[in-house]
Amino acid sequence: MDDIKRRDLLLTGTVVAAAAAAAASTPALAQTPAPAGNARSNIQPGDELIPYEGSKEVKSLRIINTAELEVEAEKILPRGGFDYIQSGSGAEYTKRENIRALEATPIEPHFLSGVLKPDLTVNILGSNLPFPIIVAPMGSHGRAHVSKEVGTATGVAATGTLMILSTVSNSSLEDVARANPGPKWMQIYLPADRGVARELLQRAKAAGYTALIPTIDTTIQYPRETNIRNNFRTPLSLGRGNAPRSESDPVRAARMMASKTDLNWDDIAFIKQETNLPVVIKGVMSPVTATRAIERGVDGVYVSNHGGRALDGVSASITALPRVADAVRGRVPIVFDSGVRRGQDVFRALALGADVVAVGRPVMYGLALGGHLGVQSVLEYLRNDLYIVMQLAGTPDIKSITRDYIAPRIA
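All figures in this text were calculated on a predicted structure; none of them were measured in a lab.

### Here's the deal with the overall build of the protein
Then comes step 1: Of the regular secondary structure elements, the protein holds 15 helices and 10 strands.
Then comes step 2: Taking all 411 residues of the protein together, 60% fall into the buried category.
Then comes step 3: Sequence-distant contacts, at least 24 apart, represent 76% of the contacts inside the protein between residues at least 6 apart.
Then comes step 4: With an accessible surface of roughly 15,500 Å², the protein has 53% of that area assigned to carbon and sulfur atoms.

### Quick look at the packing of helix H8 (residues 194-207) against helix H11 (residues 265-275)
Then comes step 1: It is at 9 Å that the axes of H8 and H11 come closest, and there the two elements cross at 50°. Our classification of the angle between H8 and H11 gives oblique. For H8 against H11, the interelement crossing comes out right-handed. Residue-level contacts link Arg-194, Ala-197, Arg-198, Leu-201, Gln-202 and Lys-205 of H8 to Asp-267, Phe-270, Ile-271, Glu-274 and Thr-275 of H11.
Then comes step 2: Grouping the amino acids of the contact of H8 with H11 by side-chain chemistry returns 4 nonpolar, 2 polar and 5 charged.

### What to know about the packing of aromatic side chains
Then comes step 1: Here the structure, examined in full by the defined rule, presents 3 aromatic pairs.
Then comes step 2: Consider the rings of Phe-347 and Tyr-405, whose centres lie 6.2 Å apart with planes at 85°: the pair is edge-to-face. On the criterion of sequence distance, the pair formed by Phe-347 in helix H14 (residues 343-351) and Tyr-405 in the segment after helix H15 (361-393) is long-range, its members being 58 residues apart. Both residues of the pair, Phe-347 and Tyr-405, count as buried.
Then comes step 3: Lying over the aromatic face of Phe-270, Arg-194 brings its terminal NZ or CZ to 3.9 Å of the ring centre.
Then comes step 4: Of note, Lys-282 hangs over the ring of Tyr-302, and the distance from its end group to the ring centre comes to 5.3 Å.

### Thoughts on the pairing of strand E10 (residues 356-359)
Here is the key point about a regular strand: its side chains alternate between the two faces of the sheet.
Then comes step 1: Both faces of E10 are covered, namely the face carrying Val-356 and Ala-358 and the face carrying Val-357 and Val-359.
Then comes step 2: Pairing of strand E3 (residues 133-135) with E10, which is carried by 3 bridges, proceeds in the parallel orientation. Its bridge partner being in E10, Val-135 is matched across the sheet by Val-359.
Then comes step 3: Examined bridge by bridge, strand E9 (residues 334-336) and E10 share 2 bridges and lie parallel to one another.

### Observations concerning the nonpolar core
Then comes step 1: Among the nonpolar cores identified, the biggest contains 87 residues, and Met-186, Ile-318, Leu-321 and Phe-336 are the most heavily contacted of them.
Then comes step 2: When residues of this core are assigned to their parent elements, the largest contribution, 15 residues, is made by H15.
Then comes step 3: Look past the residues within four positions of Met-186 in its chain and what remains in contact with it is Ile-164, Leu-165, Ser-166, Thr-167, Leu-173, Leu-200, Ala-204, Tyr-209, Ala-211, Leu-212, Ile-213 and Asn-242.
Then comes step 4: With 15 residues, the next largest nonpolar core counts Val-122, Ile-124, Ile-164 and Val-280 among its residues.

### Some words on a nonpolar patch on the surface
Then comes step 1: Together, Tyr-387, Ile-388 and Leu-392 give the surface a local cluster of nonpolar side chains, amounting to about 280 Å² of exposed area.
Then comes step 2: Structurally, Tyr-387 can be placed in helix H15.

### Some remarks on the pattern of salt bridges
Then comes step 1: Under the criterion given, the structure shown has 17 salt bridges.
Then comes step 2: A salt bridge links Glu-72 to Lys-75; the shortest N-O distance between them is 3.0 Å. On the criterion of helical spacing, the pair formed by Glu-72 and Lys-75 is a turn pair, its members being 3 residues apart in helix H3 (residues 66-76).
Then comes step 3: Given the relative accessible area of 36%, Glu-72 is considered partly exposed.
Then comes step 4: The salt bridge involving Arg-403 is made with Asp-326; its shortest N-O contact spans 2.9 Å. Residue Arg-403 is found in the segment after H15, and its partner Asp-326 is found in helix H13 (residues 317-328); the two are separated by 77 residues along the sequence.
Then comes step 5: On the basis of relative accessibility, which here comes to 36%, the residue Arg-403 falls in the partly exposed class.

### Some details on the environment of Arg-329
Then comes step 1: Relative to the assigned elements, Arg-329 resides in the loop between H13 and E9.
Then comes step 2: Owing to a relative accessible area of 60%, Arg-329 belongs among the exposed residues under this scheme.
Then comes step 3: With 24 residues separating them along the chain, Arg-329 and Gly-353 place their C-alpha atoms 9.2 Å apart.

### Let's talk about unusual backbone geometry
Then comes step 1: Positive phi values are uncommon outside glycine, yet Ser-140 reaches one of about 55°.
Then comes step 2: Within the secondary structure, Ser-140 sits in the loop between E3 and helix H6 (148-159).
Then comes step 3: With a phi close to 60°, Asn-276 is a non-glycine residue in the positive phi region.
Then comes step 4: For Asn-276, the location among the structural elements is in the loop between H11 and strand E7 (280-284).

### Side note on H13
Then comes step 1: Over its 12 residues, H13 extends 16 Å from the first C-alpha to the last, a length consistent with the 16 Å expected when each residue adds 1.5 Å.
Then comes step 2: The buried fraction of H13 amounts to 9 of the 12 residues, a majority that puts the element mostly inside the structure.
Then comes step 3: Among the residues of H13, those classed as buried are Ser-317, Ile-318, Ala-320, Leu-321, Pro-322, Val-324, Ala-325, Ala-327 and Val-328.
Then comes step 4: Contacts made by the buried residues of H13 are with helix H5 (93-103), E7, helix H12 (287-295), strand E8 (300-303), E9 and H14.

### Quick word on the environment of Gly-126
Then comes step 1: Turning to its location among the elements, Gly-126 is positioned in the loop between strand E1 (122-124) and strand E2 (127-129).
Then comes step 2: In this structure, the C-alpha to C-alpha distance between Gly-126 and Thr-210, residues 84 residues apart in sequence, is 8.8 Å.

### Some details on the confidence of the model for the protein
Then comes step 1: Taken over all residues, the pLDDT of the protein has a mean of 90, while the share at 70 or more is 90%.
Then comes step 2: Ranking the elements of the protein by mean pLDDT puts helix H2 (residues 26-31) last with 32 and E9 first with 99.
Then comes step 3: A low-confidence stretch, residues 1-37 (pLDDT under 50), is modelled with 116 contacts involving residues beyond four sequence positions or located in other chains.

The rules behind these values
Residues numbered from 1 in each chain as written. Predicted model: local features only at pLDDT ≥ 70, side-chain atom pairs only at ≥ 80, totals over all residues. Heavy atoms only, no water. Helix = DSSP H or I, 4+ residues; strand = E, 2+ residues; numbered from the N terminus. Buried < 20%, exposed > 50% of the residue type's maximum accessible area, 1.4 Å probe, protein only. Contact = heavy atoms within 4.5 Å. Areas by Shrake-Rupley, 256 points an atom, 1.4 Å probe, with all protein chains shown as cover. Axes fitted to C-alpha atoms, helices over the stretch in contact; angles between N-to-C directions. Parallel < 35°, antiparallel > 145°, perpendicular 65-115°, else oblique. Left-handed = near helix turned anticlockwise from the far one by under 90°. Nonpolar A, V, L, I, M, F, W, Y, C, P; charged D, E, K, R; others polar. Phe/Tyr/Trp six-rings, centres within 6.5 Å; stacked < 30°, edge-to-face > 60°. Lys NZ or Arg CZ within 6 Å of the ring centre and 35° of its normal. Pairing = 2+ DSSP bridges. Core = buried A, V, L, I, M, F, W, Y, C linked by side-chain atoms within 4.5 Å. Patch = residues over 30% accessible without salt bridge, like charges linked within 9 Å, V, L, I, M, F, W, Y side chains within 5 Å. Salt bridge = Lys/Arg side-chain N within 4 Å of Asp/Glu carboxyl O. Expected span 1.5 Å × (residues − 1). pLDDT = per-residue confidence, 0-100.

In structure tokens, the structure reads:
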């Protein structure tokens, strides 16, 4: 139990790997030809030869709570890979705050409501989902399991919900699409090279991804001290992912994906113009950004602090959510992530303005412990927990979950 309590304190938000590479040391950073701090360009010769193997387990999981999944995953994954998944940036203040702030948001139930069987269905950007819980974009699922993102996609497809694939996946977006014929979006780290960017966007559209999710909060990477301490290098041997097929050398191909560090609103417009797909910007933590996004024709906002893996010291995502929702005023859908561990957390986020709630690390731990069946188990656990919370709180459907069901926050 002491291990579980310790892990409870270390639990972090979602969005596992926002980059294809973590710099191994200061000298490695100095040698890199791309802008310092751009994690998706800090690739060194030899990284493709680094051996790494995730779990091979394939089984359904008996889940009591997701804190225990993290404890169990630590026992079976290589140290560097596990730490990459669980750690945050800087002093990890924001990672811890995500959990604390959610727990300090009390639910205020309305008893004697007459609710018998809550309806969990929801529609977002044309996708009908059986419940409002989706899978957040996370890079490098091969760190957790040999099936990589294909395993995650298979588990997601079994539940019928939506998966957001990361640009820095180990499996290609086409392979993931084949494993998941259901709803799927594509997260975008926009390559600085316009040709490479255009190819990536068109591939996503051709493969059937129905929305694009540019991430705006990691144009450069804030130091992740655990990775530095572990001298963790990028195991490119896990797969080429979505790197350009025209380049045979894996290091050069990975470097071609180096993302734009001076990202701006024109880049968001470029993404939409190239594909004519809905665009939802991820990393919105202020009403100012949300308002500007709507004014510029963005189709949705995604409230997230990258699970505490981007700029450390920012507020918890749940703290920012109500102010963003007030600015949005229902004009576009809102996605939320960071710190979600139970159905209670999903309920809290929905009540404070989210339309759907994305989950990250628990899904990755489920993948590590049980492959596609583990992913399915995690999503079903969260779905069932939300059902119970909704019934007890007295909410007949998702739209009825409003701020009336949130009590004044604990100081």
